[in-house]
Amino acid sequence: MESTSKNSDITAKKKYLISKGIDGFFEDIYDLYQFILRFFKEAFSAPVEWKEIVNQCYQVGYKTLLLVSVTGFITGTVFTKQSRPSLSAFGAASWLPSLVSIAIIKTMAPLITALIAAGKVGSNMGAELGSMKVTEQIDAMEVSATNPFKFLVVSRILAITFMMPVLVLYTGLVGMMGAYLNVHSNELTSFTSFFISAFKSIEFKDIFSSLFKALCYGFTIGVAGCYQGYYAQNGTQGVGRAANLAVVFSMFLIFVEELLIVQVLNSFR
Amino acid sequence: MDKKDTQIDTQETVISIKDLKKSFGPLNVLNGVNLEIKKGENVAVLGRSGTGKSVLIKIISGLLKPDSGLVKVFGQEVDKISEKELQELRLKIGFSFQNSALYDSMSVRENLKFPLVRNKRDLNDKEVNEAIESVLNDVGLPQTINQMPSELSGGQKKRIGIARTLILKPEIMLYDEPTSGLDPITCIELNNLILKVQKEYRTSSIIITHDLTCAKITGNKVAILNEGKFLKIGGFEEVFSSHDTYIKTFYDYNFTENNKIYER
Amino acid sequence: MKDNRSVIVGIFILFGLVILITTIFTLGGQKKAFVKSFALRAIFNDVSGLAIGANVLFSGVKIGTVKKIEFYGDSQVRVIMSIENDAESHIHKNALAKIGSDGLIGNKIVVIYGGDKTQPQVVKNDLLKVENGMSTDDMLVTLQQNNKNLVDITSSFKSISKKIDAGNGILGKLVNDPALGVKLTSTIDNLQATVDNFKTASLSGKVVMGDFERLSGNFKNPTNSINRIANDSVAYNKIVGTVTQLQNAASSLNKFTANLKTVSDRLNRKDSPLGLMLNDSATANSLKGMINNLQASSSKLNDDLEAVQHNFLLKGFFKKRAKEQEKEKEKEQEKSKGNIVQ
């Protein structure tokens, strides 16, 4: 505790290359780069913390399932409902399944799952690791001969990275079910014909690009949450800040990635 | 509990620090620290808040790297050895944190189990449970085994924190402010615990404190840290017979009723 | 509790995989991704924006997709289709391929049709024949040509009639006959109306052209002259009865009008043939007859073109008026015969 408060006193006296804010920004980028580098180094070195990874998978996957399912269902239903008038204007209400499946499978399922997970899992990681950091639990783990980075950070990032595609599959399914219920209650479309026309406009690469996006988003949420938490400072205030930054940071990056990935994947078409 | 019972092996040095320097930016926290700790010896390090007492033990446990100087634990330089060797070494060092640093998300049992199962993987469940129960008995809190850290009092947390390090049977104990923020009765219990650990686990210890009573009872030696250096190291009586104002002020606060240190 | 977690995580992941695999198989089934297929080729002059992945239909059933589209030769396009093995036994070597369209926005598709059992089945990498039927564009060009020619004719006739009006000598003979004058005027009116109808017809041509295209193969006798049709009741009935013959008439009219143009040009030139015609009363009479015929045929053509505009009513329209028109036509024929005899 003493040392951290001292740290901030000292940084105030440091000479800056440009200004405190801008220097800090570049320092953050460098630290983040180091952090990701360390993640890969430790993720691929034995021993693997299987038990903790499974535990984190439970936390970030299973515990988030209900939330993303409800959100996915609502999104599917509402999107279908809202799209109907404009399609009906062209007498093309029979196109609803294709339209909805394109929207849900290509974009909404990954994006919504990622945003929900950023809010739930990212903030949780930021807050949990942050409080462990400021109450010296991370140091305690280190002196009890456990690598805290590997145990806490690597397991969390791996868990969210690999649970995201699974969650996206669930969200997609539930979202399509929501859309189906709405279409069925309005157009009396049968389950089979709904899914036949829904899949008509979907291709394999759409599904795999969605899963790839999910992996990227998961990794982003994990890195943002753990980075903010692992380097939290200044007591309880720092914990709140870490949780907040984890969410803001990961949501922002998710949108940037969405843009980039869509651009890159479209160039392969 | 008489500290004369403890056996200090004056032949064997466990921790040896020579001209240790550590600074954070322009601030020199440690500026040439020299210290030797023999096997079975307790050294109480006294000093004001912010004089780098915690930094000293964090360097010994390898949490911080020194800028210069020599830090040897069991003959190994903690800042030079590999990560793997450091992990091996850390198994012999117990670290009791100022805020106990219990894992919030785990119960007392899981807290104690964590270092044990992660470092001694060949133990079966029965052996693990026996170890947990015996160490809890040692710190006098067998009833808390299924409680969460948030349900414990400050003193209980400190003792569970110590128990968590004792479960690995360390040879060196590093106590960071073991009595800070505790009531006098709990302080006495903790001081007794430190002595008990010294005797039963045959540990050498560094006790970081600014509580003179604690230093007097638990320390075979007392070292006063000021401005990054030890002003004096030696027996309690010897150190506090000094006329240095810094040392006198320390002593006066704890042991003199009527004094001139207050501006009233 | 911790051990339960790994079970829950396992179930969680398993169900995720089930969703993924079900999706892949449903999608695969629908895209026929896992069905064994073989390649067929066809070379088109124009694929009208056909895209890779477009469906290939046979008798309205999807049997495969377009795999590759590449240029072939100077400006032709080779389309390679991937066809399900199951469909192999139904397609014969003489089957034809064409580009069709499908759906609301008209996605281009390949339609395979025709073929009979006398021919062996197709095998891998066979090249299907392509039917290059008359396109709607071609039809419209023909109609446009007719329009132009008719405009020319009418303007020529106008100038002839002016000259006759102001003329003297033997031309006076024509002018002095009031019946002939009236007939000439109505002929010109009819021709004008015909031209108008042609204009409207070509505007609404897109509607009509589908039928034209279908029937264009039925062109049987392109040398028919409209004169003959007008004089021949059997041929006329054919016009009335079928759109095929309407097509025929349109084409004939094209030739006929071209002839008329030549004739009227000659009339305008005032050199020997005209003198011959004007000095000879027999020629004058036959000119009279010709004008009569022209009047009759152009009024009929009028009817036809009107019918073309309402092409789905075509049959009904003509059926209703068939008898009536036949009577009129007979009268006119008699008249014209009489005139010629005179």
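Residues numbered from 1 in each chain as written. Chains lettered and ligands numbered in written order. Predicted model: local features only at pLDDT ≥ 70, side-chain atom pairs only at ≥ 80, totals over all residues.

Peer 1: Which parts of the structure should I look at to understand the overall build of chain B?
Peer 2: Secondary structure summary: chain B contains 9 helices and 10 strands in total. Across the 264 residues that make up chain B, the buried fraction comes to 41%. (Helix = DSSP H or I, 4+ residues; strand = E, 2+ residues; numbered from the N terminus. Buried ≥ 20, exposed ≤ 12 C-beta atoms within 10 Å, placed from the backbone.)

Peer 1: Help me understand the overall build of chain A, please; the structure alone is not making it clear to me.
Peer 2: Counting secondary structure elements, chain A contains 9 helices and 0 strands. Scanning chain A from its N terminus toward the C terminus, one meets helices and strands in the order α-α-α-α-α-α-α-α-α. Relative to its full complement of 269 residues, chain A shows a buried share of 48%. The contacts of chain A with a sequence gap of at least 6 include a subset with a gap of at least 24, amounting to 87%. (Contact = placed C-beta atoms within 7 Å.)

Peer 1: What's the story with the sheet that holds strand S3 (residues 42–47) of chain B in this structure? I'm lost.
Peer 2: Sheets are built from strands that pair by backbone hydrogen bonding, the pairs being arranged parallel or antiparallel. All names here are of chain B. With mixed pairing, the 6 strands of this open sheet are ordered in space as S6-S7-S8-S3-S9-S10. Strand pairing shows two members of the sheet lacking a second neighbour, strand S6 (93–96) and strand S10 (229–234), which therefore form its edges. On average, each strand axis in the sheet is inclined to that of its neighbour by 15°, with strand direction left out of account. The sheet contact formed by strand S9 (residues 221–226) and S10 spans 5 bridges and is antiparallel. Each bridged residue has a counterpart across the sheet, and for Ala223 the counterpart in S10 is Ile233. (Pairing = 2+ DSSP bridges. Axes fitted to C-alpha atoms, helices over the stretch in contact; angles between N-to-C directions.)

Peer 1: Would you take a moment to explain the packing of helix H5 (residues 154–166) of chain B against helix H6 (residues 184–200) of chain B for this structure?
Peer 2: Between two packed helices, both the angle of their axes relative to each other and the distance between the axes serve to describe the pair. Residues and elements named next belong to chain B. Orientation of H5 relative to H6, taken along the N-to-C sense of each, is 10°, at an axis distance of 10 Å. Compared by their axis directions, H5 and H6 come out roughly parallel. Along the contact surface, H5 presents Gly155, Lys158, Arg159, Ile162 and Leu166, while H6 presents Thr186, Glu189, Leu190, Leu193 and Val197. Of the residues belonging to the contact of H5 with H6, the class tally is 5 nonpolar, 2 polar and 3 charged. (Parallel < 35°, antiparallel > 145°, perpendicular 65-115°, else oblique. Nonpolar A, V, L, I, M, F, W, Y, C, P; charged D, E, K, R; others polar.)

Peer 1: Honestly, the interface of chain B and chain A in this entry has me stumped. Any pointers?
Peer 2: Often the size quoted for an interface is simply the accessible area lost on bringing the parts together. Across the contact, 23 residues belong to chain B and 18 residues belong to chain A. Per element, the largest residue contribution to the side of chain B that touches chain A is 3 residues, and it comes from helix H3 (residues 108–119) of chain B. Here the residues of the side of chain B that touches chain A are counted per class, giving 12 nonpolar, 9 polar and 2 charged.

Peer 1: Any chance you could explain the interface of chain A and chain C here in plain terms?
Peer 2: On the chain C side, the residues contacting the 18 residues of chain A number 15 residues. Elements with a minimum of two residues in the side of chain A that touches chain C: helix H3 (50–88), helix H6 (148–187), helix H7 (191–200) and helix H8 (204–230) of chain A. Per element, the largest residue contribution to the side of chain A that touches chain C is 7 residues, and it comes from H3 of chain A. Classifying every residue of the side of chain A that touches chain C by side-chain character gives 16 nonpolar, 2 polar and no charged.

Peer 1: Looking at this structure, I do not really get the sheet that holds strand S3 (residues 61–72) of chain C. What am I missing?
Peer 2: All names here are of chain C. Read around the barrel, 7 strands follow the order S1-S4-S3-S2-S6-S5-S7 and close on themselves; strand pairing throughout is mixed. Direction aside, the axes of adjacent strands within the sheet are offset by 40° on average. Examined bridge by bridge, S3 and strand S4 (residues 76–84) share 8 bridges and lie antiparallel to one another. Looking at S4, one finds that Thr65 is bridged to Ser82.

Peer 1: Looking at this structure, how should I read the confidence of the model for chain B?
Peer 2: Fine structural detail should not be taken from predicted coordinates in areas where pLDDT scores are low. Residues and elements named next belong to chain B. Mean pLDDT over chain B stands at 82; residues scoring 70 or higher make up 92%. By mean pLDDT, the top-scoring element of chain B is strand S7 (residues 172–176) (89), and the lowest-scoring one is helix H9 (residues 245–255) (74). Scored by ipTM, the complex comes to 0.83, with pTM at 0.67. (pLDDT = per-residue confidence, 0-100.)

Peer 1: What should I look at first to understand helix H4 (residues 125–139) of chain B in this one?
Peer 2: An α-helical segment advances 3.6 residues per turn. Residues three or four places apart therefore align on the same side. All names here are of chain B. Given a rise of 1.5 Å per residue, 15 residues ought to cover 21 Å, and the 21 Å separating the end C-alpha atoms of H4 matches this to within 8%. Among the residues of H4, those classed as buried are Ala131, Ile132, Val135, Leu136 and Val139. For H4, the buried positions fall inside an angular range of 125° around the axis, keeping them on one side. Facing away from the buried side of H4 by over 90 degrees, the exposed positions are Lys126, Glu127, Glu130 and Asn137. (Expected span 1.5 Å × (residues − 1). Arc of directions from axis to C-beta.)

Peer 1: Whenever I open this one, the environment of Leu111 of chain A confuses me. Can you help?
Peer 2: For Leu111 of chain A, the position within the fold is in helix H4 (residues 96–134). As for Leu111 of chain A and Ala214 of chain A, which are separated by 103 residues in sequence, their C-alpha atoms are 8.0 Å apart.

Peer 1: When you look at the packing of H4 of chain A against helix H9 (residues 235–267) of chain A in this model, what are you seeing that I'm missing?
Peer 2: Residue and element names in this part refer to chain A. Across the interface, H4 lies against H9 with an axial gap of 8 Å and an inter-helix angle of 150°. Here H9 runs roughly antiparallel to H4, going by the angle between their axes. As H4 runs across H9, the sense of the crossing is right-handed. (Left-handed = near helix turned anticlockwise from the far one by under 90°.)

Peer 1: Explain the environment of Gly69 of chain B to me, please; I cannot follow it from the model alone.
Peer 2: All names here are of chain B. For Gly69, the location among the structural elements is in strand S4 (residues 68–73). A sequence separation of 48 residues divides Gly69 from Lys21, and the C-alpha atoms of the two residues are 6.0 Å apart. Residue contacts for Gly69: discarding those within four places in its chain leaves Lys18, Asp19, Leu20 and Lys21.

Peer 1: Hey, could you run me through unusual backbone geometry in this one?
Peer 2: Most peptide bonds take the trans configuration, and most residues that are not glycine carry a negative phi. Residue and element names in this part refer to chain B. The phi angle at Phe74 is positive, at roughly 50°, despite the residue not being glycine. With respect to the helices and strands, the residue Phe74 is situated in the loop between S4 and strand S5 (76–77). Residue Glu177 is not a glycine yet carries a positive backbone phi of 50°. Secondary-structure assignment places Glu177 in the loop between S7 and H6.

Peer 1: Is there a simple way to explain the confidence of the model for chain A in this structure?
Peer 2: Residues of chain A with pLDDT of at least 70 account for 94%, and the chain-wide mean is 87. In this model, residues 1–12 of chain A is a region of pLDDT below 50 whose contacts with residues beyond four sequence positions or in other chains number 17 contacts.

Peer 1: Hey, could you run me through the pairing of strand S8 (residues 204–209) of chain B in this one?
Peer 2: Every regular strand shows the same layout, with side chains that alternate between the two sheet faces. Residues and elements named next belong to chain B. Across the 6 residues that make up S8, a large majority, 6, are buried. Here S8 shows a buried face lined by Ser204, Ile206 and Ile208 and a second buried face lined by Ser205, Ile207 and Thr209. With 5 bridges connecting them, S3 and S8 associate as parallel partners. Residue pairing for S8: Leu46 is matched across the bridge by Thr209.

Peer 1: What am I meant to see in the environment of Lys129 of chain C here?
Peer 2: Among the structural elements, Lys129 of chain C can be located in strand S7 (residues 126–130). It is 5.0 Å that separates the C-alpha atoms of Lys129 of chain C and Leu96 of chain C, two residues lying 33 residues apart in sequence.

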